[in-house]
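Structural characterization, general
Residue strings, one per chain:
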Amino acid sequence: QVQLVESGGGLVQAGGSLRLSCAASGCTFSTYTMGWFRQAPGNEREFVAAHSGGFTYYADSVKGRFIISRDNAKSTVFLQMNGLKSQDTAVYYCAAVRVVFGTMYSYPRGYDYWGQGTQVTVSS
């Protein structure tokens, strides 16, 4: 059973930075596509970034500000968030899938496993 545990959320002022971590267990981590999604109150869960097959993908809203990376030796994926804005406030979720097809890395239904989420609040 794959388990994902996020950490690193918190309260930060606009313009600040946070680094989220997601530790995975129960899988051959290096072979999995890893994604970050977020969900604000009243909104649907939306794609943030993904790391798949050596490539990285970003939502337009975070491109140039957020960086996704992974440490396969530690079975951990990171999301470095810089230049945070109030509209980045949300619960951030880590997700994993063994095989991803086409652009399904950017859709919640493209993933099989989810973490519990970590709150990120950006004050303006």
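Structure: above.
Below is a short write-up of the structure. (Residues numbered from 1 in each chain as written. Predicted model: local features only at pLDDT ≥ 70, side-chain atom pairs only at ≥ 80, totals over all residues. Heavy atoms only, no water.)

Some words on the state of the cysteines
Note on terminology: a disulfide is the covalent bond linking the sulfur atoms of two cysteines. Using the following cut-off: By disulfide we mean two sulfur atoms from cysteines, separated by a distance within 2.5 Å. Helical segments are the DSSP runs of H or I of at least four residues, strand segments are the runs of E of at least two, and each set is numbered from the N terminus.
Using the criterion set out here, one finds 1 disulfide in the structure. Two residues share a disulfide in this structure: C22 and C94, whose sulfurs sit 2.1 Å from each other. One disulfide, between C22 and C94, carries an S-S torsion of -75° and so falls in the left-handed class. Placement of C22 in strand 3 (residues 18-25) and of C94 in strand 9 (residues 90-97) is noted, with a sequence separation of 72 residues between them. Note on C27: no disulfide assigned, nearest cysteine sulfur contributed by C22 at a separation of 9.2 Å.

Considering unusual backbone geometry
Among all residues except glycine, the phi angle is most often negative; among peptide bonds, the trans geometry is most common. With phi around 50°, S75 is a residue other than glycine that occupies positive phi space. Residue placement: S75 occurs in the loop between strand 7 (66-71) and strand 8 (76-81).

Here we look at the packing of aromatic side chains
The criterion, for reference: Any two rings among Phe, Tyr and Trp, with Trp reduced to its six-membered ring, count as a pair given centres within 6.5 Å; such a pair is stacked if its planes are under 30 degrees apart, edge-to-face if over 60, and tilted if neither. Think of it in three bands: residues with accessible area under 20% of the maximum for their type are buried, residues over 50% are exposed, and the middle band is partly exposed, with areas taken using a 1.4 Å probe on protein chains only. Lysine and arginine charges are scored as sitting over a ring when NZ or CZ, respectively, is within 6 Å of the ring centre and within 35 degrees of the ring normal.
In the structure shown here, the tally under the stated rule is 7 aromatic pairs. Taking the centre distance of 5.7 Å and the plane angle of 70° together, the rings of F37 and F47 count as edge-to-face. Remark: F47 occurs in strand 5 (residues 46-52) and F37 occurs in strand 4 (residues 33-39); sequence separation between them is 10 residues. Each member of the pair, F37 as well as F47, carries the same accessibility label: buried. Aromatic rings pair up to connect F37, F47, Y57, Y93, Y105, Y111 and W114 into one cluster. R45 extends its terminal NZ or CZ atom over the ring of W114, reaching a point 4.8 Å from the ring centre. The positively charged end of R109 is found above the aromatic ring belonging to Y107, 4.8 Å away from the centroid.

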